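In case you want the letters, here they are:
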Amino acid sequence: MNNKKLVALTFDDGPNLTTTMDVLDLIEHYEITASFYVVGNNINSETEKAMQRAVSLGCEIENHSRTHSVMTEFTAEQIIDEINFTSDKVEAAVGRRPKFFRPPYIAFNQLMYDTIDMTFICGNGAEDYNDEVSAEERYKRIMEQVCDGMVILLHDMAGNFRTVEALKMLIPKLLEEGYEFVTTSELFERSGVTPQPNTIYTNVHQ
Ligand SMILES: [Zn+2]
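Residues numbered from 1 in each chain as written. Predicted model: local features only at pLDDT ≥ 70, side-chain atom pairs only at ≥ 80, totals over all residues. Heavy atoms only, no water.

(A) Structural detail: unusual backbone geometry. G14 connects to P15 through a cis peptide bond whose omega is 0°. Note on placement: P15 falls in the loop between strand 1 (5–12) and helix 1 (19–30). The residue H68 is not glycine, and still its phi comes out positive at about 55°. Turning to its location among the elements, H68 is positioned in the loop between strand 3 (60–63) and helix 3 (76–94). One non-glycine residue, N198, adopts positive backbone phi at about 55°. For N198, the location among the structural elements is in the loop between helix 7 (184–191) and strand 9 (200–201). (Helix = DSSP H or I, 4+ residues; strand = E, 2+ residues; numbered from the N terminus.)

(B) Seen up close, the environment of I32. Mapped onto the elements of the fold, I32 is located in the loop between helix 1 and strand 2 (35–38). Taking the C-alpha atoms as reference points, I32 and V182, 150 residues apart in sequence, are found 7.5 Å from one another. Sequence-distant contacts of I32, that is, excluding residues within four places in its chain, are made with L9, I27, L57, I171, L175 and F181. (Contact = heavy atoms within 4.5 Å.)

(C) Geometry of the nonpolar core. With 38 residues, the main nonpolar core has L9, F36, L154 and L167 as its most contacted residues. Broken down by element, the residue count for this core peaks at six residues, all from helix 6 (residues 161–176). Discounting residues that sit within four places of it in the chain, F36 has contacts with F11, T20, V23, L24, I27, A54, C59, E60, I61, E62 and D156. Counting residues in each nonpolar core, the second largest holds 12 residues, with M71, I79, I116 and F120 among its members. (Core = buried A, V, L, I, M, F, W, Y, C linked by side-chain atoms within 4.5 Å. Buried < 20%, exposed > 50% of the residue type's maximum accessible area, 1.4 Å probe, protein only.)

(D) Spatial organisation of the coordination of the zinc ion. On the protein side, the zinc ion has D13 (OD), H64 (NE2) and H68 (NE2) as donor atoms, found 2.1 to 2.2 Å from it. Each donor residue of the zinc ion lies on one chain, and together they are spaced D-x50-H-x3-H. Here H64 matches H68 in class, with each residue buried. (Donors = N, O, S within 2.8 Å, 3.2 Å for Na, K, Ca; no water.)

(E) Structural detail: the pattern of salt bridges. Counting across every chain of the model gives 16 salt bridges. Residue R66 pairs with D81 through a salt bridge whose shortest N-O separation is 3.2 Å. Taken together, the residues R66 in the loop between strand 3 and helix 3 and D81 in helix 3 connect sequence positions 15 residues apart. Residue class for R66 comes out partly exposed when judged on its relative accessible area of 24%. Judged by its relative accessible area of 38%, D81 falls in the partly exposed class. Two residues, E137 and R141, come together in a salt bridge whose shortest N-O distance is 2.8 Å. One end of the pair is E137 and the other is R141, both in helix 5 (residues 135–145) and four residues apart, which spans about a single turn. With a relative accessible area of 28%, E137 lands in the partly exposed category. A single network of salt bridges, built from pairs that share partners, joins D25, E28 and R53. (Salt bridge = Lys/Arg side-chain N within 4 Å of Asp/Glu carboxyl O.)

(F) Inspection of the environment of Q78 at higher detail. Within the secondary structure layout, Q78 lies in helix 3. Considering only alpha carbons, one finds Q78 and Y129, 51 residues apart in sequence, at a separation of 26 Å.

(G) Main features of helix 1. If you check helix 1, its first and last C-alpha atoms are 17 Å apart, about what 12 residues at 1.5 Å a residue would give, namely 16 Å. Along helix 1, the positions that sit buried rather than exposed are T19, T20, M21, V23, L24, L26 and I27. Structurally, helix 1 contributes buried residues whose contacts are with strand 1, strand 2, helix 2 (48–56) and helix 6. After helix 1 finishes, the residue E31 shows a positive phi value of roughly 55°. (Expected span 1.5 Å × (residues − 1).)

(H) Broad picture of the packing of aromatic side chains. Enumeration over the complete set of coordinates arrives at seven aromatic pairs. Relative to F188, the ring of F100 has its centre 5.5 Å away and its plane inclined at 15°; by these criteria the two rings are stacked. Within this pair, whereas F100 is found in strand 4 (residues 100–101), its partner F188 is found in helix 7, the two being separated by 88 residues in sequence. Since its relative accessible area comes to 4%, F100 is described here as buried. Consider the rings of F188 and Y201, whose centres lie 4.9 Å apart with planes at 90°: the pair is edge-to-face. (Phe/Tyr/Trp six-rings, centres within 6.5 Å; stacked < 30°, edge-to-face > 60°.)

In structure tokens:
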């Protein structure tokens with residue numbers, strides 16, 4: 001019986017060859033894993049190398065739409081295109097089709113639940129897309145919320161060096177506190193939780 005506390009570190013809005021790579025350097029250094037929720041339109045023959053490196057380190061690539069739009073205004077056809085475009089690109093690059101979806105802006109509705117055959121994931125974040133939130137503050141906000149089974153929601157968008165700085169404090173602190181970093185899939189599997197439809201998860205024990 002493994003009674004370690006589990007946490008899933010997740011990143012939105014990549015892939016890119018700058019911040020994504022900086023995050024991967026830390027993941028490699030600390031020998032942990034994470035999940036990257038990618039935007040399909042950011043995937044090209046260069047940036048797919050970042051996804052391939054992530055997978056080689058034990059990370060998983062998940063789906064954060066094609067165009068990063070507010071999808072609650074979309075028809076079923078548009079929703080399907082957002083999902084399949086990105087999942088097809090990810091599968092072509094890394095050989096595994098995403099199983100989890102994070103709606104852009106955490107905007108979702110019943111049509112999206114009915115149309116997207118994936119588990120919806122939210123998470124607790126630190127407003128780390130806002131340049132006015134310092135690295136120290138990002139670290140503090142995550143530490144205030146962290147608990148067993150939680151999804152940590154951060155962003156590896158290009159130029160987001162404050163989150164890279166926050167991770168340099170956050171990762172060793174969570175390891176010291178006995179947390180094990182797992183992918184989104186592992187978070188469910190290791191916690192013995194079966195993902196349910198019509199549900200968006202911030203913590204598998206919610
Ligand atoms: Zn996003």
